[in-house]
Amino acid sequence: MDRPDYLLSPSTASNNRPVLVLGHSLGTNFALWQSTVEQLGKHCDLLRYDPHPRQNEAIGASIESRGRALLQLLDRLGISQIDFCGVSISGLLGQWLAINAPDRIHRLVLSNTAARIGTPDTWQSRIKLIHEKGLVEVAESLVNRWFSSEFSIRHPEVLSALTNDLRNFSTAKYLAGCEALRDADFRERVQQIEAHTLIIAGTHDRAATLSDAEFLHEKIRGSQLRVFPCGHLACVESAEAFAKAVTEFLSESD
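**Student:** Can you walk me through the environment of Phe215 in this structure?
**Tutor:** Structurally, Phe215 is set in helix α9 (residues 210–219). C-alpha of Phe215 to C-alpha of Ala115: the two residues are 100 residues apart in sequence and 8.1 Å apart in space.

The structure is reproduced here in structure tokens:
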């Protein structure tokens, strides 16, 4: 059975605080935010949302299906508008939401993502590799791609924990995520985004490059771009700077 696809950390003091939805990256889970939730949760309620298509969505898996599922969840929870912060695949989810449900998005943070991540061929090759070797066998090599070499040397315990998580990740959900990434392409629509947008990039990111971030910055009118000396997971490798940048952005006056 699928695990719950969201985790809500509500305010104990008030129902009037804004809600920040956090979406993690392919092959990770809610724990990806453990270094930033304390800072991010000081001024808003946090709703961590799983971007991976559910196992029963393996056929026809898409960013759109998870976006519509999130909108339905917000309706059930009585949340009319959110701030959204998405990493990698969740950045594509954020783009879909901002394009297709603009009234639901106040502020948007797109971290280590692109209007199209990779190419259909690269994702099809990844799918083929997982079918042939299995997620357990390739987990370490995949996680090694997420960080700069300097961070990997200094923090082997972080890579070990994420590798272990990936080895235990649902293969069906991972493959469904690959399919969703293979088919997602917002290059022709991203200029429709009107939400206040912060784009975060890593200088050592090999999956969603600085050029990808600059494309988003160019296309999304009025967007801000912050660049950190990190790999694909700025929320882990540059956690303090990431949390500070996001918090300051969400606190800006309209």
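On we go from here.
**Student:** Could you clarify how one ought to interpret helix α7 (residues 156–167) in this entry?
**Tutor:** An α-helical turn contains 3.6 residues, so a residue and the one three or four places further along point in the same direction. Helix length check: α7, at twelve residues, gives a terminal C-alpha distance of 16 Å against a target of 16 Å (1.5 Å per residue), a fit within 8%. Within α7, burial applies to Leu159, Leu162, Thr163 and Leu166. Taken around the axis of α7, the buried residues stretch over an arc of 105°, which confines them to a single face.

**Student:** Even after reading the chapter, I still don't get the packing of helix α5 (residues 135–144) against α7, so can you show me in this structure?
**Tutor:** Packed helices, taken two at a time, are described by the angle their axes make and the gap between the axes. Between α5 and α7, whose axes approach to 8 Å, the crossing angle comes to 145°. For the crossing formed where α5 meets α7, the hand is right-handed. Across from Leu135, Val136, Ala139, Glu140, Leu142, Val143 and Asn144 in α5, the residues of α7 making contact are Leu159, Leu162, Thr163, Leu166 and Arg167. In terms of residue class, the contact of α5 with α7 is made up of eight nonpolar, two polar and two charged.

**Student:** Just checking my understanding: could you explain the packing of helix α4 (residues 120–133) against helix α8 (residues 171–183) for this structure?
**Tutor:** The N-to-C vectors of α4 and α8 enclose an angle of 165°; their axes lie 8 Å apart at closest approach. Taken together, the axes of α4 and α8 are roughly antiparallel relative to one another. Of the two possible hands of crossing, α4 and α8 adopt the one that is left-handed. For the pair α4 and α8, contact is made by Pro120, Trp123, Gln124, Arg126, Ile127, Ile130 and His131 and by Thr171, Tyr174, Leu175, Cys178, Glu179, Leu181 and Arg182, respectively. Broken down by class, the residue content of the contact of α4 with α8 amounts to eight nonpolar, three polar and three charged.

**Student:** Before we go on, may I ask you to explain the sheet that holds strand β7 (residues 224–228) in this structure?
**Tutor:** Working definition: the strands of a sheet are paired by backbone hydrogen bonds and lie parallel or antiparallel to each other. Taken together, the seven strands give an open sheet; going across it, the order is β1-β3-β2-β4-β5-β6-β7, and neighbouring strands pair in mixed fashion. Each edge of the open sheet is held by one strand with a lone partner, namely β1 (6–9) and β7. Across the sheet, the mean angle from the axis of one strand to that of its neighbour is 15°, orientation sign disregarded. Bridge count between strand β4 (residues 82–87) and strand β5 (residues 105–111): five bridges; the pairing is parallel. Its bridge partner being in β5, Ile82 is matched across the sheet by Ile105. Most of the contacts of helix α2 (residues 63–77) go to strand β3 (residues 45–49), to which it runs at about 145°, and overall it touches β1, β2 (19–23), β3 and β4.

**Student:** So what exactly am I meant to see when it comes to the side chain of Ser90 here?
**Tutor:** Structurally, Ser90 can be placed in helix α3 (residues 89–100). Separated by 3.3 Å, the side chain of Ser90 and the backbone oxygen of Gly23 make a polar contact. With residues near it in sequence (within four places) discarded, Ser90 still touches Gly23, His24, Pro51 and Phe84.

About the criteria used
- Per chain, the residues get numbers from 1 upward, laid out in the order the sequence is written.
- It should be noted that, the model being predicted, local features are given only for residues of pLDDT at least 70 and side-chain atom pairs only at 80 or more, the latter also being counted only at that level, while totals for whole chains, interfaces and linings use all residues.
- The basis for the side-chain values is all heavy atoms of the structure; hydrogens and waters are excluded.
- To qualify as a helix, a DSSP run of H or I must reach at least 4 residues; to qualify as a strand, a run of E must reach at least 2; elements of each kind are numbered from the N terminus.
- Under the convention used throughout, the expected extent of a helix is 1.5 Å for every residue step, that is, one less than its residue count.
- The cut-offs for exposure are 20% and 50% of the maximum accessible area for each residue type, with area from a 1.4 Å probe on protein chains only; residues under the lower value are buried, those over the upper are exposed, and the others partly exposed.
- Arc definition: directions from the helix axis to the C-beta atoms.
- Orientation is described by lines fitted to C-alpha atoms, with helices fitted over the stretch in contact, and by angles between N-to-C directions that extend from 0 to 180 degrees.
- Two helices cross in a left-handed way if the nearer one is turned anticlockwise from the farther one by less than a right angle. They cross in a right-handed way if the turn is clockwise.
- Here a residue-residue contact requires only that any non-hydrogen atoms of the pair lie within 4.5 Å.
- Three classes are used: nonpolar for Ala, Val, Leu, Ile, Met, Phe, Trp, Tyr, Cys and Pro, charged for Asp, Glu, Lys and Arg, and polar for all others, with Gly counted as polar.
- In this scheme, roughly parallel covers angles under 35 degrees and roughly antiparallel covers those over 145, while 65 to 115 is roughly perpendicular and the rest are oblique.
- One bridge is not enough; two strands pair if DSSP finds at least two bridges between them.
- Pairing of N or O atoms within 3.5 Å defines a polar contact, subject to two protein rules: one partner must be a possible hydrogen donor and the other a possible acceptor, and residues neighboring in sequence count only if both atoms are side-chain atoms.

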